[in-house]
Amino acid sequence: QSQPNQFCEAGIGYGESTCGTASSSSSKLLIKGGTVVNAHHQQVADVYIEDGIIVAVNPTIMVGDDVRVIDATGKFVMPGGIDPHTHLEFEFMNTVSVDDFFSGQAAALAGGTTMHIDFVFPTNGNLTAGFEAYEKKAKKSCMDYGFHMAVTKWDETVSREMELMVKEKGINSFKFFLAYKGFAMVNDELLLEGFKKCKSLGALAMVHAENGDAVIEGQRKMIELGITGPEGHALSRPAVVEGEATARAIRLADFVNTPLYVVHVMSIDAMEEVAKARKAGQRVIGEPVVSGLALDESWLWHPDFDTAAKYVMSPPIRKKGHDKALQAALSSGVLQLVGTDHCVFNSTQKASGIDDFRKIPNGVNGLEERMHVVWDIMVESGQISVTDYVRVTSTECARIFNIYPKKGAILPGSDADIIILNPNSSFEITAKSHHSRTDTNIYEGRKGKGKVEVTISGGRVVWENNELKVVPGTGKYIEMPPYSYLFDGIDKKDAIYLNSLQAPVKRAKSTA
Ligand SMILES: NC(=O)NCCC(=O)O
Ligand SMILES: [Zn+2]
Ligand SMILES: [Zn+2]
C-alpha cells in the first residue's frame with residue numbers, strides 16, 4: 001500500500017533521507033549521484049520522484065528495492081527543455097506542417113525537450129473555434145504543452161474572446177504578425193488595440209517583427225530581376241526590414257507601457273533594438289531561435305534546390321556574423337531564451353516553390369535538435385555556464401509564461417520533467433535517424449559533445465538507450481496564468497505618468 005512519503009516532503013536539503021520504502025508502485029524513480037542543475041544553483045545530489053512529481057533533492061536519498069534507480073554519476077541532471085515557439089500541424093502557405101502533436105513531441109523528447117508552447121491560429125478570425133481545433137489536434141500529445149494565440153484581425157468579438165482565452169482557457173500570450181500580408185499581418189492600429197488589450201488582461205504581447213509591406217516590395221524587386229530561387233527569400237527581406245518592425249513594435253509597446261516578447265530575433269538589427277530598449281528599462285524579451293544562432297544564409301545559395309529550400313524560414317537566416325552576434329547577446333543577457341520555430345515541411349512541400357521562392361513554405365526543424373545544438377555552440381564553446389544553459393533552454397521560458405517552478409526547475413513539488421545529459425558522450429544529427437516526420441534536417445551531419453541520454457516526462461522514462469517509449473494521449477495541457485513577473489511594477493509606471501499630467505496648464509484668456 002502506497003503511503004505519502006513523510007521523509008521526503010521537507011524537500012531540498014543536505015542530510016540523508018529515506019524515500020519510497022512502502023510502495024510497490026512503478027512510478028517511483030531515483031536519479032542517483034548526478035550534478036543537479038537549476039538556473040540558480042548546481043550540486044551533486046539525488047532526485048527522488050513519485051507519481052510524476054519531484055519529491056526530494058538531497059545529497060543522499062535511501063530507497064527500498066521497489067524504486068527504480070538510474071545512475072547519473074558524472075552527468076548533468078537538468079530540467080527538461082521548454083521550447084517557447086513551435087508550429088505543429090500548422091495550416092500555412094497552402095499546406096500543413098508535417099509534424100503533428102505526436103510526431104513533433106516524440107522528436108522533442110528524444111532531444112531532451114519535455115514541454116513546448118504552440119501557436120493557435122484563429123479559424124476564420126474566430127479565437128474560440130481556433131482554440132477548439134488545436135485542442136483536437138493536441139489530443140494525441142505525448143508530452144506537456146501550452147498555447148499562445150495569434151490575433152489576426154480586430155473587432156469587439158476578438159477583444160472579448162481574448163479575455164475568454166485568458167480567463168477560461170489558460171492562454172497568457174498573444175502573437176501579432178507584422179508580416180505575411182493577406183494572411184496574418186496586422187497594421188499599427190490593430191497592434192495598438194491588441195497591446196492595450198493584452199495589458200488590461202496581464203497577457204504578454206508577442207510580435208513577428210518584419211515589415212510586411214517592405215517584404216512585398218522586396219519580393220517584387222527580386223522577381224523583376226529574375227531571381228526566383230531560395231536565395232531570393234533572403235534578398236527580398238533583408239535585416240533592415242526586421243530591424244524596422246522590431247523598433248516599431250518596441251516603441252508602440254513602450255507607448256502603451258506593456259511588456260513585449262519579440263519572437264525569432266534573427267539579425268543584429270533586431271537584437272540591437274531589443275538591447276537599446278532593455279538598457280532604457282523597457283520590459284522587452286528577445287527570443288533567438290537555434291537556426292539563427294547556429295547557421296548562416298549561405299545555404300540558401302546552394303545549387304541543389306531541395307537543400308537550399310529546407311533553410312527557408314522567416315525572418316531569414318542571416319549572413320555570417322549575425323549568428324555570432326546573437327550568441328553573444330544570449331550570453332550577455334540581451335536575449336533571454338532560445339526557441340526553435342519548429343515548423344517543418346518535407347521536400348515535396350518545399351518543391352511547390354521550385355520556380356518561385358515566394359511559394360516555398362516557410363519553416364525549419366529544431367524541436368529535436370535545440371538542446372544539443374545550444375549545448376554545443378554555447379556551453380562547449382565556453383560562452384555560457386551550465387546553469388545559464390538551464391536558464392535559456394527551460395527556466396526563463398517557465399518564468400515568462402508564469403508556470404515556474406512547476407516547470408523549469410528541479411525542486412520538490414516541480415513536475416518530474418528531467419533530462420540526464422552526458423557531457424562526455426556525443427551526438428550526431430541526420431535525417432536518417434531523427435524522429436521528426438520531415439525528410440530533411442537543416443543540421444544534417446552536425447556532430448558535437450554532450451548527449452541527452454535519458455528524458456523523463458511526467459515521471460516516466462520516455463527516452464533511454466536511444467529508444468523512445470511514448471504513448472499518445474499522455475501529454476497534458478498546461479494552463480498558463482496571466483500577470484507573469486514581467487507585469488510587476490507596470491502599474492506604478494502608469495501612475496507616475498498620470499500624476500505628471502495632473503497639473504493643467506493655466507493660460508490667460510485671449511483678449512483678441
Ligand atoms: N517562421 C517561419 O518561417 N514559419 C513559421 C511561421 C512564423 O513563425 O512566422
Ligand atoms: Zn513568426
Ligand atoms: Zn513561428
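Heads up: the structure comes first, above all this text.
All values reported here derive from a predicted model rather than from experimental measurement.

S.K.: I'm lost on the site of ligand 1 in this one. Help?
M.R.: By nearness alone, 14 residues border ligand 1, and His-87, Tyr-180, His-208, Ser-314 and Asp-341 come closest of all. In this structure, an oxygen atom belonging to ligand 1 sits 3.2 Å away from a side-chain N or O atom of Lys-175. Ser-314 has a polar backbone atom sitting 2.8 Å from a nitrogen atom of ligand 1. Relative to its free-state accessible area of 270 Å², ligand 1 is covered by the protein chains to the extent of 99%. Looking at the shell around ligand 1, its residues break down into five nonpolar, seven polar and two charged.

S.K.: Quick question: what am I supposed to make of the coordination of the zinc ion (ligand 3) here?
M.R.: In ideal tetrahedral geometry, four donors around a metal make angles of 109.5 degrees, whereas ideal octahedral geometry with six donors gives angles of 90 or 180 degrees. With distances of 1.9 to 2.1 Å, the protein atoms coordinating the zinc ion (ligand 3) are His-85 (NE2), His-87 (NE2) and Asp-341 (OD). Bound by four donor atoms, the zinc ion (ligand 3) shows angles of 87 to 137° at the metal and therefore irregular coordination geometry. Going along the chain, you hit the donors of the zinc ion (ligand 3) in the pattern H-x1-H-x253-D. Residue His-85 is classed as buried on the basis of its relative accessible area of 0%. We classify His-87 as buried; its relative accessible area is 5%.

S.K.: For this particular structure, what's the right way to read the packing of helix α8 (residues 268-279) against helix α11 (residues 322-332)?
M.R.: The description of two packed helices rests on the angle between their axes and on the distance between the axes. At their nearest, the axes of α8 and α11 sit 9 Å apart, and the two run at 20° to each other. When the axis of α8 is compared with that of α11, the two are roughly parallel. At the point where α8 passes α11, the crossing takes the left-handed sense. Of the residues in α11, those in contact with Ile-268, Asp-269 and Met-271 of α8 are His-322, Ala-325, Leu-326 and Ala-329. Considered class by class, the residues forming the contact of α8 with α11 number five nonpolar, one polar and one charged.

S.K.: Can you walk me through the coordination of the zinc ion (ligand 2) in this structure?
M.R.: For the zinc ion (ligand 2), every protein donor is listed as Lys-175 (NZ), His-208 (ND1) and His-264 (NE2), and the spread of their distances is 2.1 to 2.6 Å. Written as a sequence motif, the donor arrangement for the zinc ion (ligand 2) is K-x32-H-x55-H. In this structure the zinc ion (ligand 3) is found 3.7 Å away from the zinc ion (ligand 2). With Lys-175 in strand β13 (residues 173-177) and His-208 in strand β14 (residues 204-208), this residue pair connects regions lying 33 residues apart in the sequence.

S.K.: Just checking my understanding: could you explain the nonpolar core for this structure?
M.R.: If you look at soluble globular proteins, the nonpolar side chains tend to sit buried side by side. Core analysis: the largest hydrophobic core is formed by 125 residues, its most contacted members being Met-78, Phe-174, Phe-176 and Phe-195. Not counting chain neighbours up to four residues away, the residues in contact with Met-78 comprise Val-37, Trp-375, Val-386, Tyr-389, Val-390, Ile-410, Asp-417, Ile-418, Ile-419 and Leu-421. Judged by nonpolar contacts, the second largest core, of 18 residues, contains Val-36, Ile-54, Ile-418 and Val-461.

S.K.: Quick question: what am I supposed to make of the sheet that holds strand β11 (residues 113-120) here?
M.R.: Consider a sheet: its strands pair through backbone hydrogen bonds, and that pairing is either parallel or antiparallel. Pairing within the open sheet is parallel, and its seven strands lie in the order β8-β11-β12-β13-β14-β15-β16. The sheet terminates laterally at β8 (81-86) and β16 (284-286), the two strands that pair on one side only. When strand polarity is set aside, the average angle formed by the axes of neighbouring strands in this sheet is 25°. Note that β8 and β11 share four bridges and pair parallel. Each bridged residue has a counterpart across the sheet, and for Ile-82 the counterpart in β11 is Met-115.

S.K.: Quick question: what am I supposed to make of the pairing of β14 here?
M.R.: Remark: a regular strand shows side chains that alternate across the two faces of the sheet. Taking burial as the measure, the five residues of β14 include five buried ones, the bulk of the element. Of the two faces of β14, both are covered, the one formed by Leu-204, Met-206 and His-208 as well as the one formed by Ala-205 and Val-207. As judged from the five bridges shared by β13 and β14, these two strands associate in the parallel manner. Its bridge partner being in β14, Phe-174 is matched across the sheet by Ala-205. A crossover connection joins β13 to the parallel β14 through helix α4 (residues 188-201); in handedness this β-α-β unit is right-handed. Sheet analysis places β14 next to strand β15 (residues 260-262), joined by three bridges and oriented parallel.

About the criteria used
- For every chain, the first residue of the written sequence is number 1, and numbering continues from 1 onward in sequence order.
- The order in which chains are written sets their letters, starting at A; the order in which ligands are written sets their numbers, starting at 1.
- Note on the predicted model: pLDDT of at least 70 is required for a residue's local features to be given, and 80 or more for side-chain atom pairs to be given and counted; whole-chain, interface and lining totals, by contrast, use all residues.
- Computation of side-chain values: all heavy atoms of the structure, hydrogens and water removed.
- Note on terminology: near, applied to a residue and a molecule or strand, indicates that one of the residue's heavy atoms is within 4 Å of it.
- Two N or O atoms form a polar contact when they lie within 3.5 Å of each other; inside protein one atom must be a possible hydrogen donor and the other a possible acceptor, and for residues adjacent in sequence the pair counts only when both atoms belong to side chains.
- The protein chains shown are the only cover counted for residues, whose accessible areas, like all others here, come from Shrake-Rupley with a 1.4 Å probe.
- Classification convention: Asp, Glu, Lys, Arg as charged; Ala, Val, Leu, Ile, Met, Phe, Trp, Tyr, Cys, Pro as nonpolar; all other residues, Gly among them, as polar.
- For Na, K and Ca the donor cutoff is 3.2 Å, while for all other metals N, O and S atoms must lie within 2.8 Å; water is not among the atoms, so some sites may look incomplete.
- Under this scheme a four-donor centre is tetrahedral when all angles range from 85 to 135 degrees, a four-donor centre is square planar and a six-donor centre octahedral when opposite donors are above 155 degrees with the rest from 65 to 115, and any other centre is irregular.
- Per-residue accessibility, obtained with a 1.4 Å probe over protein chains only, is compared with the maximum for each type, and a residue is labelled buried under 20%, exposed over 50%, and partly exposed between these values.
- Axis angles are defined between N-to-C directions and span 0 to 180 degrees, where every axis is a line fitted to C-alpha atoms and, for a helix, only to the segment in contact.
- Put simply, DSSP marks the helices as runs of H or I at least four residues long and the strands as runs of E at least two long, and each gets a number from the N terminus on.
- An angle below 35 degrees is treated as roughly parallel, one above 145 as roughly antiparallel, one from 65 to 115 as roughly perpendicular, and anything else as oblique.
- Put simply, a crossing is left-handed when the front helix is turned counterclockwise from the back one by less than a right angle, and right-handed when it is turned clockwise.
- We call two residues in contact when some of their heavy atoms are within 4.5 Å.
- In this description, a nonpolar core means a group of buried Ala, Val, Leu, Ile, Met, Phe, Trp, Tyr and Cys residues linked to one another through side-chain atoms lying within 4.5 Å.
- At least two bridges found by DSSP between two strands is the condition for calling them paired.
- When the strands point away from the viewer, a crossover counts as right-handed if the route from the first strand across the helix to the second turns clockwise.

From the geometry alone we can't say anything about function, so treat these as descriptive.
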